[in-house]
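Spelled out from the first residue to the last, the chains are:
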Amino acid sequence: MPTHYNIARIIINLSLDKTFDYNIPLHLASNIDIGSMVKIPFGNGNRNGFVIDLPEKSDYPTLKDLEGIIGDKPMISTPLIELGKWMADYYCCTREQAITALLPAAVRGRLIKEKKRKIIHLKNEDDIPIILQTLSKKAPKQADALKFLMQNGQCSLTDVVKKCKISYTAIASMEAKSYISIEDVIEERDPFANDHIIPTSPLKLNTEQSNALSEVIRSINSDEKDVILLFGVTGSGKTEIYLQSIAECLKQNLESIVLVPEIALTPQTTERFRSRFGDQVSVLHSHLSPGERFDEWNKINNGRVKIVVGARSALFAPFQKLGLIIVDEEHETSYKQDNVPRYQARDVAVMRGKIENVTVILGTATPSVESYHNTQQGKYNLVTLTQRIEEQQLPKMHIVDLAVENAENERHQIFSRRLITEVNDALENGEQIMLFLNRRGYATQLQCMKCGYVGECSECTMNYTYHKSRSQMICHLCGAVIKAPKKCPECNDPGIRFSGLGTEKIEASVRGIFPYARTLRMDSDTMTKKESYRHALTSFRAGEIDILIGTQMIAKGLHFPNVTVVGIIFADQCLNLTDFRAGERTFQLLVQVAGRSGRGDLPGRVIVQTYTPYHPILMSAIDQDYVVFFEKEIKSRIQLQLPPKAHLLLLSFKGDNEEKVRSHADYCFELLTSKIPKDINCSPVLPSPILKKRGLYTYQILMCTEKIMTLSKYIKLFFTSIKCPQKITVTIDVDPYSLL
Ligand code: ADP
Ligand code: ZN
């Protein structure tokens, strides 16, 4: 290895997927490394780029000199650069796009600087009384300032100026006379400035937990690290295992990353880490200001924190001595990013673990079919926790057949008699209730009973949802809002009907049936402000609310000891999704929602209302028997060549002219399939299930293969050689989670 490098291979943010070689001038040679951010002459001006390689030779005979290095050390570690390259290959994006994802925008753009504060110290404290004698007469302001410093110790420059009403010149003169010294200190924006946390110490683990922890520690200490699937029922104490695993890393001076789905980034989750490890923890979430994000990144990069808790992008925390990556709620689909690079954070976490030889824990009460399959294949280690802490019982699930209910009831009711009884009992005993429906709004369809008119968004293939409290019709795809009509807009008939259930309607019915209960609705309509989510959960926790009504927002990761009844208003709703993961999601959702109840001393009940009481997915969810669910599910996935048996790749062609979109898709299809490698299956061109969204039409090609890297390579190459017509965009989604 040469000690001085001559050539830097650089990517710049142009999405060309090309690298450029530059000559490294001698005076920069000792400072440059892979991951350095550099300034280069490019075209007529300058650009910033990242060094991704330091090759010995270049294919180009003459190279320009690079202009300078930005920052005093590399911004991206070599393993992270390697991870970025892998992401570009796997997810079919350019290397720039992948590497861009590794750094927060605030760091990448260099728009934010560290905030500095000037701090004044007294220099020779013993001499001050003598100095004061002369100063008091000659320069009383300076004397006051010295006294102020004697009383308060070191102070910020602005404080001294303000409190002692002294000028900056006078302070400069005090510095010149060596009475004081002034120092620049980096001031961090502290997102927790107003928080109070109560420290906790490690709990004594039960047998299952100790076994799980030993398995983690064994992996941390061995040469070959493992991916451990920690499959523990809700309330089995997985978080305590995370905490003690992290403590072990700290003991060995190793760093840890904890990924949590954005939705679980509630104070509850993050507080548990901060309560145990204090300011060794950095919490990254979407509500941080760019300045706060910048500071947190610097803290991590400079080794001042050892633990990061955050959503997706926390995975790229610039740690140098990583010892552990934890992915909590590994089954959560929000780990998949839905814009470029379309990566799945859990899978990238496993890859980072592999590159940096680090133990990875995937924790969940309802494993994704992919991860559980990997344990069956011997790729991941399976560790299970079957017992809830203190032997609390898992809640009992009861199915209510809505067809029978409707037949026996006069009118069609939202709440079955069983659910009403359970809620009343709980209210009487001062217990809390959660009601779950994964759809917001009041009614999901408006129809004219005379002419058949249905209110549909003009820009999307989507019915308007009626929001009664605002008297509005809202398209949940594009957000378009129109005034709710009183008569049919087509035929003027007053006989319009609203049908289909939303959370707003549930709330109204709850108020009607349980007029004395205190209720709160949590969905993205009511939780619009930054603080409202936190606020709502705090008041529910404090017992100020009896019935919490909500969408998936209330389904996950929350812990409320006083909740005894959970009502799932309409379980069929998720089963109807046109998606091969619908069954898996329904199973997860039911078990997770159920896990919200009976977490304290009181036993929990879950009432599941459905029209398909004998659906196999519901049956396995009722028994909370994951293995039964998995065995069935994996069989059909294998039969249908679906993940995890094979990988999917979804090509979407979008544009405002439907004919042009389709014809470009057809053209690509012909070319693609003429040369396609043998073991790749390819669907014909199909309209997306949501053909039109925001005025744009989508046509798709779905591909499937067991060798995804081969397919990714083929597709990436293919689309760099095809010219895309104007106003048409093609997106490539590898391992897609939404087929819309
Ligand atoms: P999970 O993440 O598996 O749903 P949690 O980690 O939230 O479960 O644990 C549920 C509750 O049990 C928490 O209040 C936690 O503090 C408590 N707990 C966990 N482990 C122990 C233990 N060994 N002894 C006593 N309480 C525990
Ligand atoms: Zn719309």
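Per chain, residue numbering runs from 1 following the sequence as it is written. Each chain takes a letter, starting from A, and each ligand takes a number, starting from 1, following the order in which they are written. Local features are withheld for residues below a pLDDT of 70 in this predicted model, meaning they are given only at 70 or higher, and side-chain atom pairs are given and counted only at 80 or more; totals for whole chains, interfaces and linings count all residues. Heavy atoms from the whole structure form the basis of all side-chain values; hydrogens and water molecules are not counted.

**Q** Quick rundown of the overall build of the protein chain? Include the residues and the values.
**A** A run of H or I in DSSP becomes a helix once it reaches four residues, and a run of E becomes a strand once it reaches two; helices and strands are each numbered from the N terminus. Along its length, the protein chain carries 24 helices and 31 strands. In terms of overall dimensions, the protein chain is globule-like: its C-alpha atoms have a radius of gyration of 30 Å, near the 27 Å expected for 740 residues. Type-normalised accessible area, obtained with a 1.4 Å probe on protein chains alone, sets the label of each residue: buried when under 20%, exposed when over 50%, and partly exposed for intermediate values. When the 740 residues of the protein chain are sorted by exposure, 53% land in the buried category. Any two residues whose heavy atoms approach within 4.5 Å are treated as being in contact. Put simply, of all contacts in the protein chain between residues at least 6 apart along the chain, 75% involve residues at least 24 apart. Accessible surface computed for the protein chain: about 35,000 Å², of which carbon and sulfur atoms make up 50%. Once the 91 positive and 85 negative side-chain charges of the protein chain are each reduced to a mean point, those two points are 5 Å apart. Using C-alpha atoms as the atom set, the radius of gyration is obtained and then compared with a globule rule of 2.2 Å times the number of residues to the power 0.38. All accessible areas in this document rest on Shrake-Rupley with a 1.4 Å probe, and a residue is counted as covered only by the protein chains that are shown. Only four residue types enter the charge count, namely Lys and Arg as positive and Asp and Glu as negative; His and the chain termini do not. Just so you know, the charge point we use is NZ for Lys, CZ for Arg, CG for Asp and CD for Glu.

**Q** Outline the site of ligand 1, listing residues and values.
**A** Residue proximity to a molecule or strand is established when one non-hydrogen atom of the residue lies within 4 Å of it. Taken together, the neighbourhood of ligand 1 is formed by 17 residues, with Lys 204, Gln 209, Gly 235, Lys 238 and Arg 272 sitting nearest. Identification of polar contacts relies on pairs of N or O atoms within 3.5 Å, with a donor-acceptor requirement for protein atoms, meaning one able to donate a hydrogen and the other able to accept it, and with residues adjacent in sequence counted only if both atoms are side-chain atoms. Lys 204 is positioned such that a nitrogen or oxygen atom in its backbone is 2.7 Å from a nitrogen atom of ligand 1. Of all the elements, helix 10 (residues 238-251) adds the most residues to the shell around ligand 1, at three residues.

**Q** Can you break down the sheet that holds strand 17 (residues 432-436) residue by residue, with the values?
**A** Strand pairing is assigned whenever DSSP identifies at least 2 bridges connecting the two strands. Spatial strand order, 16-26-25-17-24-23: six strands in an open sheet with parallel pairing. With one partner strand each, in any of the chains shown, strand 16 (396-401) and strand 23 (519-522) form the two edges of the open sheet. Within the sheet, the average angular offset between the axes of one strand and its neighbour, ignoring direction, is 15 degrees. Both strand 25 (residues 563-568) and strand 26 (residues 605-610) contribute to a ladder of four bridges, which runs parallel. The partner of Val 566 across the bridge, within strand 26, is Val 606. Axis geometry follows a simple rule: fit a line to the C-alpha atoms, using only the stretch in contact for helices, then measure angles between N-to-C directions, giving values from 0 to 180 degrees.

**Q** Pulling in residues and values, what's your account of the nonpolar core?
**A** Grouped burial of nonpolar side chains is what soluble globular proteins tend to show. Formed by 128 residues in total, the largest nonpolar core has its most connected members in Leu 66, Leu 651 and Ile 715. Top contributing element to this core by residue count: helix 2 (residues 78-90), with seven residues. With near-sequence residues (within four places) excluded, Leu 651 lies in contact with Leu 672, Tyr 699, Gln 700, Ile 701, Met 703, Ile 715, Phe 719, Thr 731 and Ile 732. As used here, the term nonpolar core means buried Ala, Val, Leu, Ile, Met, Phe, Trp, Tyr and Cys residues forming a set that is joined through side-chain atoms within 4.5 Å. In this structure, Val 216, Ile 246, Cys 249 and Val 383 belong to the second largest nonpolar core, which totals 24 residues.

**Q** Any details on the domain arrangement of the protein chain? Residues and values, ideally.
**A** The domain limits used here are those given by an automatic or database domain assignment. Partitioning the protein chain into domains gives domain 1 (7-108), domain 2 (116-186), domain 3 (207-391), domain 4 (396-440 + 502-636) and domain 5 (647-734). Summarising the inter-unit geometry, the C-alpha centres of domain 1 and domain 5 are found 30 Å apart. Residue-level contacts link eight residues of domain 1 with eight residues of domain 5. Using a 1.4 Å probe, buried area is obtained as the accessible area two parts lose upon being combined, added over both of them. Carbon and sulfur atoms supply 65% of the area buried between domain 1 and domain 5, which totals about 730 Å² over both sides. The largest per-residue losses of area from domain 1 upon contact with domain 5 belong to Asp 89, Tyr 90 and Cys 92, which jointly make up 71% of the total buried on that side. Whenever Lys or Arg places a side-chain nitrogen within 4 Å of a carboxyl oxygen from Asp or Glu, that contact is recorded as a salt bridge. Linking domain 1 with domain 5 are one salt bridge, by the criterion used here.

**Q** Got a sec to walk through the packing of aromatic side chains? Specific residues and values, please.
**A** A pair of aromatic rings is counted whenever rings of Phe, Tyr or Trp (Trp by its six-membered ring) have centres within 6.5 Å, and the orientation is called stacked for planes under 30 degrees apart, edge-to-face for over 60 and tilted otherwise. Counted by the stated rule, this structure contains 19 aromatic pairs. Ring centres 6.0 Å apart and planes at 85 degrees place the aromatic pair Trp 86 and Tyr 91 in the edge-to-face group. Tyr 91 shares its class with Trp 86; the two are buried. Through successive ring pairs, a cluster of aromatic residues spans Phe 231, Tyr 372, Phe 587, Tyr 626, Phe 629 and Phe 630. The ring of Tyr 737 carries Arg 581 above its face, with NZ or CZ at 4.1 Å from the centroid. Lysine and arginine charges are scored as sitting over a ring when NZ or CZ, respectively, is within 6 Å of the ring centre and within 35 degrees of the ring normal.

**Q** Just give me the short version of the environment of Met 709, but keep the residues and values in it.
**A** Within the fold, Met 709 resides in helix 24 (residues 708-721). On the basis of relative accessible area, Met 709 is assigned to the partly exposed category, the value being 33%. Residues Met 709 and Ile 246 lie 463 residues apart in sequence; the distance between their C-alpha atoms is 34 Å. Beyond its immediate stretch of four places on either side in the chain, Met 709 contacts Trp 86, Asp 89 and Tyr 90.

**Q** Just give me the short version of the sheet that holds strand 21 (residues 481-483), but keep the residues and values in it.
**A** Pairing in this open sheet of three strands is antiparallel, and the strands run 19-20-21 from one edge to the other. Each having just a single partner strand, strand 19 (465-467) and strand 21 make up the two edges of the open sheet. Taking the axes of each pair of neighbouring strands and ignoring which way they run, one obtains an average angle of 30 degrees across the sheet. Judged from the three bridges that link them, strand 19 and strand 20 (residues 472-474) form a sheet pairing that is antiparallel. Bridge assignment links Thr 465 to a residue of strand 20, and that residue is Ile 474.

**Q** How would you sum up the coordination of the zinc ion (ligand 2)? Please name residues and give values.
**A** Counted as donors are the N, O and S atoms within 2.8 Å of the metal, or 3.2 Å for Na, K and Ca, while water is not among the atoms, so some sites may look incomplete. Surrounding the zinc ion (ligand 2) are the protein donor atoms Cys 457 (SG), Cys 460 (SG), Cys 475 (SG) and Cys 478 (SG), at 2.3 Å. The geometry test gives tetrahedral to four donors whose angles all lie between 85 and 135 degrees, gives square planar to four donors and octahedral to six donors whose opposite members are over 155 degrees apart with all other angles between 65 and 115, and gives irregular to the rest. Coordination at the zinc ion (ligand 2) is tetrahedral, judged from the four donor atoms that bind it and the angles of 105 to 115 degrees they form at the metal. The motif formed by the donor residues of the zinc ion (ligand 2), counted along the single chain, is C-x2-C-x14-C-x2-C. Highlighted residues: Cys 457 in the loop between strand 18 (445-448) and strand 19 and Cys 475 in the loop between strand 20 and strand 21, separated in sequence by 18 residues. Just as Cys 457 is buried, Cys 475 falls in that class too.

**Q** Give me the lowdown on empty space enclosed by the protein, citing residues and values where you can.
**A** Definitions used for this entry: grid spacing 1 Å over protein atoms alone; cavity, a set of points where a 1.4 Å probe fits but cannot get out; pocket, an open set with protein on both sides within 12 Å along at least 5 of 7 lines; lining residue, one with an atom within 4 Å of a point. Grid points are joined across faces, edges and corners, and a volume is the space filled by probe spheres set on the points. Counted by the stated rule, this structure contains two cavities of 30 Å³ or more. Residue contributions to the lining of the largest cavity peak at three residues, all from helix 20 (residues 582-594). Mapping the lining of the largest cavity onto the domain boundaries places at least three of its residues in each of domain 3 (207-391) and domain 4 (396-440 + 502-636).

**Q** Account for the pairing of strand 17, with residues named and values stated.
**A** Looking along a regular strand, one sees the side chains alternate between the two faces of the sheet. Counting buried positions along strand 17 gives five out of five residues, so the element sits mostly inside the fold. Here strand 17 shows no split at all, with Gln 432, Met 434 and Phe 436 on one side and Ile 433 and Leu 435 on the other all buried. Pairing of strand 17 with strand 25, which is carried by five bridges, proceeds in the parallel orientation. Its bridge partner lying in strand 25, Gln 432 is registered against Val 563. Of the pairings in the sheet, the one linking strand 17 to strand 24 (residues 547-550) comprises four bridges and is parallel in character. Bridge pairing in strand 24 links Met 434 to Leu 548.

**Q** Lay out the packing of helix 9 (residues 207-221) against helix 10 in plain terms, naming residues and giving numbers.
**A** The geometry of helix 9 relative to helix 10 is characterised by a closest axis approach of 10 Å and an angle of 35 degrees between their N-to-C directions. Viewed along their axes, helix 9 and helix 10 form a crossing whose handedness is right-handed. Along the contact surface, helix 9 presents Gln 209, Ala 212, Leu 213, Val 216, Ile 217, Ile 220 and Asn 221, while helix 10 presents Glu 240, Ile 241, Gln 244, Ser 245, Glu 248 and Cys 249. Residue polarity is assigned by list, with Asp, Glu, Lys and Arg as charged and Ala, Val, Leu, Ile, Met, Phe, Trp, Tyr, Cys and Pro as nonpolar; anything else, Gly included, falls into the polar class. The residue makeup of the contact of helix 9 with helix 10, split by class, is seven nonpolar, four polar and two charged. Less than a right angle of anticlockwise turn of the near helix away from the far helix marks a crossing as left-handed, whereas a clockwise turn marks it as right-handed.

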